[in-house]
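One-letter residues, chain by chain:
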Amino acid sequence: MRPEPAPRFFIRTYGCQMNVYDSGRIADLLGGQGWRAADSPEDADLVILNTCHIREKAAEKVYSELGRLALLRAPRSRRPWLAVAGCVAQAEGREIMRRAPQVDLVIGPQAYHRLPELLDGLRNGAARAGRVALDFPPESKFDRLPEEMMPRGASAYLTVQEGCDRLCTFCVVPYTRGAEFSRPPEEIIAEARRLLDGGAVELVLLGQNVNAYGACDGRGESWDLARLLAAIHELPSCRRLRYTTSHPLALSDSLIAAHRDLPKLAPFLHLPVQSGADSVLAAMNRRHTARQYRERIEKLRAARSDIALSSDFIVGFPGETDDNFADTLRLVRDIDFAHAYAFKFSARPGTPAAEMPNQVPEEKKAERLAELQGLLAEQQLAFNQKSVGGVQEILLVGRGRHEGQLKGRGPWMQSVVIDGGVDGDGDGDGDGDDNLGRIVCARIQSAGPHGLHASLETGFDAR
Ligand code: SAH
Ligand code: F3S
């Protein structure tokens, strides 16, 4: 008798890096249960949408994708099974089951370790009510998920902290991801070692509020993010370190010192400020002023002069006046960001800001968004142009659009295309693929709004 072919799964990931990390862990879990990864939903027996709830647009995408996927389903076998994971699952779980009857499983971000049990239930015809897992179990999912099995690539995410206690009035994260929780340092360092042994050269430590990281080791000593970064920095095959996303309030002096003392810590920080107006920051419950933000940045720049900054902004928060918006533009001009995201305020059900008076009309939001994005784009282009002529260490992460090109990322998070002559490893095959996953030195030749073009500088490996 021929053995049954292994069932196949496909995961589509939306939203933040944390979802990307979780999708990797889910893939490991399924791999350990005899599943294999499919190349597309069409080839899969199980399709998982790992969803994002942060803004209305992100959440609505899920329902349209579910509609498309339902068409794939074979009427008799009811395959592929459809599962919704991530933050939309957590926030709208039972409603999804009502609104999208084609969905077989709903599983919140803290319950991924229960997936095998839910899939068994599905095989055995469990009732719909038994196919929803939205619990926040007292023990961490990290203790119950298997170690990573699938390769994570040259730049690997590593979740060190999850959840958020800050309760910014616009944000769903505290409800979808729950209270702040930091993983023990030993567990993180062991995972970092495995990722590096598996070929990673860059590690990105993740948390919704990552700089609030705080945990005790087995000896009862306490660790903050700076200490954790320093410990990982010592691992010899770690070439570059990043962390995201930070809150300005938790940008401590020890963390600023880490930017001065740890050369592998990339000279780039994503530090969301949301608004430049104090009244808006207060209404958002950000708990700092624009001046405090500026002061933190000054300190950071004094510690590491080449640090580049990125941020998030929300325009059209309830009650935001033209003057408030002008304060945001002023802050952007003063700080000069290398990169930033700007969003229109999206009223999310259940958050305090959704109920606030003086909601800003949609046209006003659109106008402000366009103006802010215009300014941010100018700054990004100017930042990119300043790189021209310099040599950067580029981590090669993939192939470029044209033959012989490779794509990578520099220390300042710029996307860099390296043209021609990348076959520096000298094996003569001309495709340069052998260099993927390595760090090379390249001279920046030209800059555009979204990235840089470079040519290989010396040899091929900066190591
Ligand atoms: N933990 C991060 C942000 C998480 S959400 C922090 O401390 O800031 C990522 C970004 O989405 C936020 O920084 C914010 O700019 C944006 N965002 C979150 N909720 C939003 C909403 N309701 N409307 C518009 N943008 C929002
Ligand atoms: Fe959201 Fe504010 Fe936390 S933006 S993730 S509640 S710091």
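Please read these numbers as outputs of a predicted model, since none were measured by experiment.

Enquirer: Is there a simple way to think about the sheet that holds strand 18 (residues 406-409) in this case?
Expert: Pairing between sheet strands relies on hydrogen bonds along the backbone, with the strands arranged either parallel or antiparallel. In space, the five strands of this closed barrel follow the order 17-18-19-21-20, with mixed pairing throughout. Between one strand and the next, the sheet's axes are offset by a mean angle of 50 degrees, whatever the strand orientation. Of the pairings in the sheet, the one linking strand 18 to strand 19 (residues 415-418) comprises four bridges and is antiparallel in character. Each residue of the ladder has a partner; that of Gly-408, found in strand 19, is Val-416.

Enquirer: I keep staring at the site of ligand 2 and nothing clicks. Help me out?
Expert: Near ligand 2, the surroundings consist of Cys-164, Arg-166, Leu-167, Cys-168, Phe-170, Cys-171, Val-173, Pro-174, His-247 and Arg-286. Looking at the shell around ligand 2 residue by residue, the class counts come to seven nonpolar, one polar and two charged.

Enquirer: Would you take a moment to explain the pattern of salt bridges for this structure?
Expert: Any two side chains of opposite charge can pair, so long as their charged atoms come close to each other. Evaluated as defined, the whole model comprises 34 salt bridges. Of the charged contacts, one joins Glu-65 and Arg-12 as a salt bridge, the two residues approaching to 2.4 Å between their closest N and O atoms. With a gap of 53 residues between them, Glu-65 in helix 2 (residues 56-70) and Arg-12 in strand 1 (residues 8-13) connect regions that are remote in the sequence. According to the relative accessible area criterion, Glu-65 is buried, its value standing at 6%. According to the relative accessible area criterion, Arg-12 is partly exposed, its value standing at 28%. Note that Arg-183 and Glu-187 form a salt bridge whose closest N and O atoms lie 2.8 Å from each other. For Arg-183, a relative accessible area of 2% corresponds to the buried category. Among the ionic contacts, a cluster of salt bridges with common partners joins Glu-320, Asp-322, Lys-364, Glu-367 and Arg-368.

Enquirer: Looking at this structure, I do not really get helix 4 (residues 115-123). What am I missing?
Expert: Note that an α-helix has 3.6 residues per turn; residues three or four places apart therefore point the same way. Buried within helix 4 are the following residues: Leu-115, Pro-116, Leu-118, Leu-119, Gly-121 and Leu-122. Considering only its buried residues, helix 4 is in contact with helix 1 (17-32), strand 3 (46-51), strand 4 (81-85), strand 5 (105-107) and strand 6 (132-133). Where helix 4 terminates, the next one or two residues include Gly-125, which has phi positive at roughly 75 degrees.

Enquirer: Would you mind showing me how to read the packing of aromatic side chains here?
Expert: The geometry of an aromatic ring pair comes down to the distance between the two centres and the angle between the two planes. Evaluated as defined, the whole model comprises four aromatic pairs. Here Phe-170 and Phe-317 contribute two aromatic rings whose centre-to-centre distance is 6.4 Å and whose plane-to-plane angle is 85 degrees, an arrangement assigned as edge-to-face. Placement of the pair is Phe-170 in the loop between strand 8 (161-162) and helix 5 (173-176) and Phe-317 in the loop between strand 15 (308-315) and helix 11 (322-335), with a sequence separation of 147 residues. A relative accessible area of 0% places Phe-317 in the buried class. The interplanar angle of 5 degrees and the centroid separation of 6.4 Å between the aromatic rings of Tyr-341 and Phe-343 together place this pair among those described as stacked. Pairwise contacts between aromatic rings join Phe-170, Phe-317 and Phe-345 into one cluster.

Criteria and cut-off values
Residues numbered from 1 in each chain as written. Chains lettered and ligands numbered in written order. Predicted model: local features only at pLDDT ≥ 70, side-chain atom pairs only at ≥ 80, totals over all residues. Heavy atoms only, no water. Pairing = 2+ DSSP bridges. Helix = DSSP H or I, 4+ residues; strand = E, 2+ residues; numbered from the N terminus. Axes fitted to C-alpha atoms, helices over the stretch in contact; angles between N-to-C directions. Near = heavy atom within 4 Å. Nonpolar A, V, L, I, M, F, W, Y, C, P; charged D, E, K, R; others polar. Salt bridge = Lys/Arg side-chain N within 4 Å of Asp/Glu carboxyl O. Buried < 20%, exposed > 50% of the residue type's maximum accessible area, 1.4 Å probe, protein only. Contact = heavy atoms within 4.5 Å. Phe/Tyr/Trp six-rings, centres within 6.5 Å; stacked < 30°, edge-to-face > 60°.

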